[in-house]
Amino acid sequence: MSHSESAHGHVDQEAIYHDAVWHEHNHHEHNIHDHHDTFFSKYVFSQDHKMIGKQFLVTGIFWAVIGGLLSALFRIQLGYPDEHFAFLHDLLGKWAPDGRIDPQFYLSLVTMHGTIMVFFVLTGGLSGTFSNYLIPLQVGARDMAAPLLNMFSYWMFVLSSIVMLASFFVASGPASAGWTVYPPLSALPEAVKGSGTGQTLWLLSIALFIFSSLLGGLNYITTILNLRTRGMGMTRLPLTIWAFFITAILGVLSFPVLLSCALLLIFDRSLGTSFYLNEIYIGGKAMVEQTGGSSILFQHLFWFLGHPEVYIVLLPAMGMVSEILSINSRKPIFGYKAMIGSMLAIGGLSFIVWAHHMFVSGMNPFVASIFVVLTLIIAVPSAVKVFNWLATLWRGNIRFTPAMLFAIGFVSLFISGGLTGLFLGNSTVDIELTKTYFVVAHFHIVMGVASFFGLFAGVYHWYPKMFGRFMNNTLGYVHFFITFVGSYLIFWPMHYQGLAGLPRWYYNHNSYETFSHLGDLSKFISTVAVIVFISQVFFLLNFFYSMYKGRKVLTKNPWEANTLEWTTSIDAPHGNWEGDIPTVHRWPYDYSKDEREFVSQDTPARPGEEMF
Amino acid sequence: MTSLLIAGIVLLLISIVFQISKTSEMVSVLKGAEQSRKDSNKVIGMIFIGFMIVFFTGIFWSTAYFLPSFLPESASVHGVWIDNIFNLTLLVTGTVFIITHIALFIFVYIYREQDGRKAFFYPENHKLEMLWTIIPAIFMTCLVVTGIFYWYKITGDAPKDAMVIEVTGKQFNWIARYAGKDGKLGKRDFTKISDNNIIGMDWKDTANLDDVMPTELHFVVGQPTKIVIRSRDVMHNFDLPHFRVKMDAVPGIPTTFWFIPKYTTEEMRKITKNPKFNYELACAQICGQSHYAMKMAVKVETREEFNKWMGDQKPYYETVQPAAPVVSETAPTEVMAKEEKTVSSKKTASIN
């Protein structure tokens, strides 16, 4: 099989393992450019991890706009509950008759916002982008271990997206039982409209999404373990790779449990089983054929994924932030081994804390107390990471690229959001705070905004590598300051609403004297939320405009960083390196070590040099 | 028209920022990357210090401003423990929050890139790392031990003399049931639920016959009270925010929560300086369209007031099964007709 006959954009499998073979192929006038990529093989059905990473990024950005739009819409309802907006009717038709959002559709908005942000943007769009783009480049591999499966993982993601999008257009509306889809609400169409066809499509979409994630995760793990270049021991890997590695393991172990949880729900909905259903009277009838199940079982199965999932969202951001802080402080990351250890601890512990989402579910209190202990243990490695980031900045020589600003913002958000976890993880205090806006504030700050900041930092930092051009710095600074200040203005006051007892998922706050005084605060939050959402246009403009008109990258290593992705040519070809893959001689954090400000990983050791 | 105007202004602002950004990029290209970076470093460093000041000021001011809108002091005994542990946690986390943020923003400012500065190659320090692993662990342990100690007290068995009240959540209201004179809640069966028997009480169990289902929840101040929480359809959550009570209502699986009310409604009105104050029961688990409007009035009163109120309640059985007619001067046929009606309606009820 000659070069041009192998699938376009596909790197000959054998060549991945034999540098010599690749080298030879180069010497035979077959150079990679003879692969004759068509538009489809280069941009659509690509098996090149760099293109797949960019595909995930653009799809993730698409979903982020939708997810943000949904939140702007329901915040309009919360902030201005008594007003009628003609544009709402224009946009939503029957779901906003006379300009006010229908209460059941409100629940759909909240449900889909959570689903889209957690899964499609911050798992698909974050891991999918950066794990795909960076792993082969940073470990020194030609491509992923299984490029065809990698391509499938992207197209499964697209298929999953199409199904989820379709669910917006069914007559009974999209899923509306919350992103956590607890049954019986999510099992019974009579309970809420969205639990009809909308929920069915949601479940199908998530099943496809899980397949996509698993295919990706298997590739990431295999590539990191097996395709590291010569000299790249595990303790010479950049922290980004460690983060992506642990994230992938979490995903591979926990997503199948979500799949089984969803399957049992599908069975209850369509096959008359009762895994989750028991003694229900609804729609004027007692459901006598479906009894004996437990909705608490669902919660255990769901949160067994649900908790690792929040670390799947957070760890890649942590890894990238560690890298970006180090590069832009011109200092090694402080405590490299402790950073690895803390990520391993967080990853491991994340599997045994799930029931802290269930303290008031009626679960056995003794078992609950065990989860309290384990949950508060997880705070220790998290604290270690914060101190290590601060120590990385200390006595550095800090360069304020937009990526660096987002990394700094990440540290602040992780501190703020992480600390409120100490209130919620303690079951006694959680009695008061659970299911209130205090929880909403906590997870948005520590997971939502923080991971978004990790995403932005990664985009601004690796954009030159991805597109051969720089993003505009000024727009980056504007984007950062509006988003950073705005996010705190949106989510900080929600702590107060939680301390006032305001429950989640409420269409308005006026039904209770207890909560009706919070209207002004809601209005403030909503107004800022709409402004911050609109301000993301600065990022979108910057991202798409700079692809074509951005300042061109003229050197291979514009950030003067040590990792291997900066040793390839500016427009890296299939197979990443035109010649041999570099051999690694050192860890990635030799910044300001001696008279050299940075020493890339493929630089050999000097005689007598102290190596880490 | 106004919305068009606003949209126009927003678009104008966006394009102005965009043009400024393009221009400033050209300027920095002319200056050279290093020089432009150094010029903006000081500005950005200062902005972070400014942010820190506004951040702390904002947090302290807004906390003080919104403190009155938080829930008032706990209306239950165990709620005081919860609030105290909250405050303890706030002390610990608040201190860490302030110190780490000061470190973050000060470091970012004073260690910004400057001419002649070189970063300090400092990859690790095992003693320091040990210290900041062990100290947080100690604080976490204290918080955990305190929390768990009180958790066992709160989730332990209710005292034997607790007043048991059963509350059932359904789309979209709460149904309360008191045990009546016999002090026992009768058996229920979900297959018997109907409009005339809203929680499916089994009328063969005589304990049901005196059970009372009022439209408000009344508690006795100082009386241990155990709520048995149930659901008729989907998951709900029994949420009494003033009492720091929260527990899921699960169909088919009763859950419980017990507490001791500390303040009568009258006393709470004085504490909150709000003569119109009332305790309220809310639903805190997404349950469908009117999840936000599942309100039930709650009152805490003295034992005398409670007994009087309870005395005025009619057993649910009597409200759905009219009592046998009293014998009077009415014509025999009328009485016969009435009796037949009663008998036949009793028959239909027991089929349910």
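Remember, it's a predicted structure, so these values are computed and weren't measured experimentally.

Chemist: Explain the overall build of chain A to me, and be specific about the residues and the numbers.
Modeler: Within chain A, the regular secondary structure consists of 19 helices and two strands. Rg of the C-alpha trace for chain A: 25 Å, near the compact-globule value of 25 Å for 612 residues, within the 12% margin. With respect to the principal axes defined by its C-alpha atoms, chain A has extents near 80 × 55 × 50 Å. The buried share of chain A, reckoned over its 612 residues, is 62%. A separation of at least 24 residues holds for 79% of the contacts in chain A among residues at least 6 apart in sequence.

Chemist: Account for the interface of chain A and chain B, with residues named and values stated.
Modeler: It is common to give the size of an interface as the accessible area that goes away when the parts come together. In this complex, chain A contributes 99 residues to the contact, which on the side of chain B involves 93 residues. Tallied by class, residues from the side of chain A that touches chain B come to 61 nonpolar, 28 polar and 10 charged.

Chemist: Account for the nonpolar core, naming residues and giving values.
Modeler: Within the largest apolar cluster, 267 residues are counted, with the highest numbers of intra-cluster contacts made by Phe406(A), Ala407(A), Phe410(A), Ala450(A) and Ala457(A). Of the residues forming this core, the biggest block, 19 residues, is contributed by helix H11 (residues 295–329) of chain A. Counting contributing residues, this core receives three or more from each of domain 1 (29–115 + 140–156) and domain 2 (163–325) of chain B. Ignoring anything within four residues of it in the chain, the contact list for Phe406(A) reads Phe453(A), Phe456(A), Ala457(A), Tyr460(A) and Phe480(A).

Chemist: Would you mind going over the pairing of strand E4 (residues 225–231) of chain B in detail, with residue names and values included?
Modeler: Residues and elements named next belong to chain B. A large share of E4 lies buried, amounting to five of its seven residues. Alignment of strand E1 (residues 163–170) against E4, held across seven bridges, turns out to be parallel. By the bridge assignment, Gly169 is partnered in E4 with Ser231. In terms of strand pairing, E4 meets strand E7 (residues 255–259) through five bridges, oriented antiparallel. From the neighbouring strand, Lys226 faces E7, where its bridge partner is Trp258.

Chemist: Give me the sheet that holds strand E2 (residues 173–178) of chain B: which residues, what numbers.
Modeler: All names here are of chain B. Taken in spatial order, the four strands line up as E2-E1-E4-E7 in an open sheet, and their pairing is mixed. Only two strands of the sheet have a single neighbouring strand rather than two, namely E2 and E7. Strand-to-strand, the axes of this sheet are offset by a mean angle of 25 degrees, without reference to chain direction.

Chemist: If you had to explain the confidence of the model for chain B to someone new, which residues and values would you point to?
Modeler: Residues and elements named next belong to chain B. Confidence in the prediction of chain B, expressed as mean pLDDT, is 91, and 91% of residues score 70 or more. Of the regions scoring below 50 in pLDDT, residues 333–352 engages in 17 contacts with residues more than four places distant in sequence or in other chains. Prediction confidence for the complex, expressed as pTM and ipTM, is 0.92 and 0.91 respectively.

Chemist: Go over the environment of Tyr437(A) with me, naming the residues and quoting the values.
Modeler: Residue and element names in this part refer to chain A. Examined against the element boundaries, Tyr437 turns out to sit in helix H16 (residues 437–467). As for Tyr437 and Lys552, which are separated by 115 residues in sequence, their C-alpha atoms are 46 Å apart. Filtering out sequence-adjacent residues up to four positions away, Tyr437 remains in contact with Met494, Gln497, Gly498, Leu502 and Arg504.

Chemist: Tell me about the domain arrangement of chain B, and name the residues and values.
Modeler: Along its sequence, chain B is organised into domain 1 (29–115 + 140–156) and domain 2 (163–325). Taken together, the contact between domain 1 of chain B and domain 2 of chain B spans 10 residues of the former and 14 residues of the latter.

Chemist: I'd like to hear about unusual backbone geometry, residue by residue, with values.
Modeler: The residue after Pro183(A), namely Pro184(A), is reached through a cis peptide bond having omega 0 degrees. Mapped onto the elements of the fold, Pro184(A) is located in the loop between helix H8 (147–166) and helix H9 (197–226). The residue Glu279(A) is not glycine, and still its phi comes out positive at about 50 degrees. Relative to the assigned elements, Glu279(A) resides in the loop between helix H10 (239–270) and strand E1 (281–282). For Lys273(B), which is not a glycine, the phi torsion comes out positive at approximately 55 degrees.

Chemist: Go over the sheet that holds strand E9 (residues 296–301) of chain B with me, naming the residues and quoting the values.
Modeler: Residue and element names in this part refer to chain B. The mixed open sheet is built from five strands, whose spatial order is E3-E9-E8-E5-E6. The open sheet has two edge strands with one neighbour each: strand E3 (217–220) and strand E6 (245–249). Averaged over all pairs of adjacent strands, the angle between strand axes in this sheet comes to 25 degrees, irrespective of strand direction. Note: strand E8 (residues 279–283) against E9, three bridges, orientation antiparallel. From the neighbouring strand, Leu281 faces E9, where its bridge partner is Met296. Strand contacts of helix H6 (residues 303–311): E3 and E9, with the helix running at about 145 degrees to E3, the strand carrying the most contacts.

Conventions and cut-offs
- For every chain, the first residue of its written sequence is number 1, and the numbers climb from 1 along that sequence.
- Written order determines the labels here, with chains lettered from A and ligands numbered from 1.
- Given that this is a predicted model, residues contribute local features only at a pLDDT of at least 70 and side-chain atom pairs are listed and counted only at 80 or more, while totals for whole chains, interfaces and linings are drawn from all residues.
- In this text, helices come from DSSP runs of H or I with a minimum length of four residues, and strands from runs of E with a minimum of two, each type numbered from the N-terminal end.
- Here the globule rule reads 2.2 Å times residues to the power 0.38, and the radius of gyration is calculated from C-alpha atoms.
- As a rule, residues whose C-beta atom has 12 or fewer other C-beta atoms within 10 Å are exposed, those with 20 or more are buried, and those in between are partly exposed; C-beta atoms are placed from the backbone.
- For every residue pair, C-beta atoms are placed from the backbone, and the pair is scored as a contact if these atoms sit within 7 Å.
- Just so you know the grouping, Ala, Val, Leu, Ile, Met, Phe, Trp, Tyr, Cys and Pro go in nonpolar, Asp, Glu, Lys and Arg go in charged, and all remaining residues, Gly too, go in polar.
- Core membership is restricted to buried Ala, Val, Leu, Ile, Met, Phe, Trp, Tyr and Cys residues, and these are joined into a nonpolar core through C-beta atoms within 7 Å.
- Here the limits of each domain have been adopted from an automatic or database domain assignment.
- Pairing between two strands is assigned when DSSP locates at least 2 bridges connecting them.
- For every element, the axis is a line fit to its C-alpha atoms; helices are fit only across the contacting stretch, and the angle between N-to-C directions ranges from 0 to 180 degrees.
- Summary of the metric used: pLDDT quantifies the predictor's per-residue confidence within the range 0 to 100.

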